[in-house]
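Chain residues, written in single-letter form:
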Amino acid sequence: MIDRAEASRYLVGRLKDELVVTSLGNEKYDLRQAGDRDRNFFNWNSMGLASSLGLGLAMAQPDLKVIVYDGDGALLMNLGSLATIAARQPKNLIHIVWDNRSYAMTGGQPTATAFHTDLGKVAEGAGYPKVERVETLAAFQNVSDRALKEPGPWFLHCLTEVKPAKSGGLSSPTANKHRFMNAIGARH
Amino acid sequence: MSWADSIVRALKNNNVRFLNYVPDSKIEKILEAARKHGGFEFLPLTREEEGIGVVCGQAIGGARGVLLCPTAGLGNSINALASMAIPYCIPCPIIIGVRGELGEFNPGQITMGQATQDILDALRIPAYRLTREDDTEKITDGAMRMCYASDGPMALLVTNELAGWKEGTPLS
């Protein structure tokens, strides 16, 4: 099992101009605690939408790598997005899914991945060309380094445990949006 | 020039690049016109809620996209609008093929179709009904301009008055 906070610190340490879009769970706090970046877009309450936001962003900014920082419960709500992403095959997309097999923010109720669902296999079946099951920090370091260099779309199925993240540090939705867009020179 | 061409001209005039869609028969008319005009990229979706995320992602990346879907699809999109497009102030144009009104044959389309305006009102999303060929381009163009000035969602309703209705098997 990977310590998600530790892996997040490793990843953020490697990032340069990459864009990151988060889901609404604890993974967003670990990403935030790992460092303050203009190019992070945080999701307050759109469960399941991270992968779709990431796809739209990857289409708009094909020369930048776009990382989706997702969780098992959220992705289960939008499994169809895996098929949509696979149909489009955005080479610049890296989909990182933190799978703790639980709805950790609402009391730890089991998600479907606690039973028989394997999200990596779902992504493979949907048509992601590069799917990796990642179970250790060393493997995360190796695979995320490759994903940052090589074309995707990548799907990193990262196994982690239920562990509360240190919350806080996020700005308002509009402040976050403006900072993010200014960083890449984007206008509506 | 058809009503669908008028919509497509207004989209082009507003620099729309991505047409993200869940099809219905009205939406296909628009897609057909857009394929003929050229200059657009198309993204088929599995569900309309995804489309709100995709349009918002395109928008924060500095590109303009629209979601095209039937009224049933608006029903699938509500929390994405309420939790993303609205609080983050992201322009999110939605072109909706209206079902459940004049000539409807499908009992399953009636309730959502007829609730559409009230749902949009409850979310404070401005909506414009396209009912006549001769002002479709003007209304579409004006609605799109307003959408990018307002930094929020906007709905264009393609009605049966404009586009006719789908013929289906009546109840027996």
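Caption draft 1: Broad picture of the overall build of chain B. Of the regular secondary structure elements, chain B holds eight helices and six strands. Each helix (α) and strand (β) of chain B, taken in turn from the N terminus, gives the series α-β-α-β-α-β-α-α-β-α-β-α-β-α. A compact globule built from 172 residues would reach a C-alpha radius of gyration of about 16 Å, and chain B, at 15 Å, matches this within 12%. Taking all 172 residues of chain B together, the buried fraction comes to 55%. For chain B, contacts bridging at least 24 residues in sequence account for 76% of all contacts bridging at least 6. Accessible surface, chain B as shown: approximately 6,800 Å² in total, 51% of it carbon and sulfur. Side-chain charges in chain B split into 16 positive and 20 negative, and the spacing between the mean points of these groups amounts to 4 Å.

Caption draft 2: Inspection of unusual backbone geometry at higher detail. Each neighbour pair has its own omega, and for Gly-152 of chain A with Pro-153 of chain A the value is 5 degrees, a cis peptide bond. Positionally, Pro-153 of chain A belongs in the loop between helix 7 (137-149) and strand 8 (154-159). One non-glycine residue, Arg-101 of chain A, lies in the positive phi region at around 60 degrees. Position of Arg-101 of chain A among the secondary structure elements: in the loop between strand 4 (93-99) and strand 5 (102-103). Unlike most non-glycine residues, Cys-89 of chain B shows phi in positive territory, near 55 degrees. Among the structural elements, Cys-89 of chain B can be located in the loop between helix 5 (78-85) and strand 4 (92-97).

Caption draft 3: Spatial organisation of the state of the cysteines. Residues and elements named next belong to chain B. By the definition in use, this model includes zero disulfides over all chains. Left without a disulfide partner, Cys-56 is nearest to the cysteine sulfur of Cys-92, which lies 4.6 Å away. Looking at Cys-56, the relative accessible area reads 0%, which means it is buried. Cys-69 forms no disulfide, and the closest cysteine sulfur to it belongs to Cys-92, at a distance of 9.7 Å.

Caption draft 4: Up close: the sheet that holds strand 8 of chain A. All names here are of chain A. The six strands lie next to each other as 2-1-3-4-8-7, forming an open sheet whose pairing is parallel. Of all strands in the sheet, those bounded by a partner on one side alone are strand 2 (40-41) and strand 7 (130-134). Of the strand pairs in this sheet, strand 3 (residues 66-71) and strand 4 are connected by six bridges, and their pairing is parallel. Of the residues in strand 4, the one forming a bridge with Val-68 is His-95.

Caption draft 5: Geometry of the nonpolar core. Residues Tyr-128 and Phe-155 of chain A together with Ile-52 and Ile-94 of chain B are the most contacted members of the largest nonpolar core, which totals 59 residues. In terms of residues, this core owes the most to one element, helix 3 (residues 50-60) of chain A, which gives seven residues. Each residue touching Phe-155 of chain A, except ones within four places of it in the same chain, is listed here: Leu-75, Leu-82, His-95, Val-97, Leu-119, Gly-120, Ala-123, Tyr-128, Lys-130, Val-131 and Glu-132 of chain A.

Caption draft 6: Region of interest: the interface of chain A and chain B. On the side of chain B, 33 residues touch chain A, which itself brings 30 residues to the contact. Contact between chain A and chain B buries roughly 2,400 Å² in total, counting both sides, with carbon and sulfur atoms accounting for 62%. On the chain A side of the interface with chain B, the three residues burying the most area are Leu-49, Met-59 and His-188 of chain A, jointly 25% of the side's total. Inspection of the region where chain A meets chain B yields one salt bridge. Arg-88 of chain A serves as the salt-bridge partner of Glu-41 of chain B, at 2.6 Å between the closest nitrogen and oxygen. In this structure, the connection of chain A to chain B is made through nine residue pairs in polar contact (both at pLDDT 80 or more).

Caption draft 7: Representation of the packing of aromatic side chains in the model. Following the criterion strictly, the structure yields five aromatic pairs over all chains and no others. Between Phe-41 of chain A and Tyr-88 of chain B the ring centres are 5.1 Å apart and the planes differ by 40 degrees, which places this aromatic pair in the tilted class. Taken together, the residues Phe-41 of chain A in strand 2 and Tyr-88 of chain B in the loop between helix 5 and strand 4 connect one chain to another. No difference in accessibility class separates Phe-41 of chain A from Tyr-88 of chain B, as the two residues are buried. Between Tyr-69 of chain A and Trp-98 of chain A, the ring centres sit 6.2 Å apart and the planes meet at 75 degrees, which makes this aromatic pair edge-to-face. With Tyr-69 of chain A in strand 3 and Trp-98 of chain A in strand 4, the pair connects residues that are 29 residues apart, well separated along the chain. Every member of this aromatic cluster is reached through a ring pair, and the members are Phe-41 and Phe-180 of chain A together with Tyr-88 of chain B.

Caption draft 8: Layout of the sheet that holds strand 1 (residues 18-21) of chain B. Residues and elements named next belong to chain B. Strand order in the open sheet formed by six strands is 2-1-3-4-6-5, with parallel pairing between adjacent strands. At either end of the open sheet lies a strand with only one pairing partner, and these are strand 2 (41-44) and strand 5 (127-130). Shown here is a sheet whose adjacent strand axes are inclined to one another by a mean of 20 degrees, direction ignored. Sheet topology note: the strand 4/strand 6 (residues 153-158) ladder contains six bridges and is parallel. Bridge pairing links Ile-94 to Ala-155 in strand 6.

Caption draft 9: Structural detail: the side chain of Thr-113 of chain A. Residues and elements named next belong to chain A. Among the secondary structure elements, Thr-113 is positioned in the loop between strand 6 (109-110) and helix 6 (119-126). When its relative accessible area of 7% is taken as the criterion, Thr-113 is described as buried. Only 2.9 Å separates the side chain of Thr-113 from the side chain of Asp-99, close enough to count as a polar contact. A polar side-chain atom of Thr-113 sits 3.0 Å from a polar atom in the side chain of Thr-111. With residues near it in sequence (within four places) discarded, Thr-113 still touches Asp-72, Leu-76, Asp-99, Arg-101 and Leu-119.

Caption draft 10: Main features of the pattern of salt bridges. Scanning the entire structure with this criterion turns up 21 salt bridges over all chains. Through salt bridges that share partners, Lys-130, Glu-132, Arg-146 and Glu-150 of chain A make up one connected network.

Conventions and cut-offs
Residues numbered from 1 in each chain as written. Chains lettered and ligands numbered in written order. Predicted model: local features only at pLDDT ≥ 70, side-chain atom pairs only at ≥ 80, totals over all residues. Heavy atoms only, no water. Helix = DSSP H or I, 4+ residues; strand = E, 2+ residues; numbered from the N terminus. Rg over C-alpha atoms; globule rule 2.2 N^0.38 Å. Buried < 20%, exposed > 50% of the residue type's maximum accessible area, 1.4 Å probe, protein only. Contact = heavy atoms within 4.5 Å. Areas by Shrake-Rupley, 256 points an atom, 1.4 Å probe, with all protein chains shown as cover. Lys, Arg positive; Asp, Glu negative; His and termini not counted. Charge placed at Lys NZ, Arg CZ, Asp CG, Glu CD. Disulfide = S-S within 2.5 Å. Pairing = 2+ DSSP bridges. Core = buried A, V, L, I, M, F, W, Y, C linked by side-chain atoms within 4.5 Å. Buried area = accessible area lost by both parts, 1.4 Å probe. Salt bridge = Lys/Arg side-chain N within 4 Å of Asp/Glu carboxyl O. Polar contact = N/O pair within 3.5 Å; in protein donor to acceptor, adjacent residues only side chain to side chain. Phe/Tyr/Trp six-rings, centres within 6.5 Å; stacked < 30°, edge-to-face > 60°. Axes fitted to C-alpha atoms, helices over the stretch in contact; angles between N-to-C directions.

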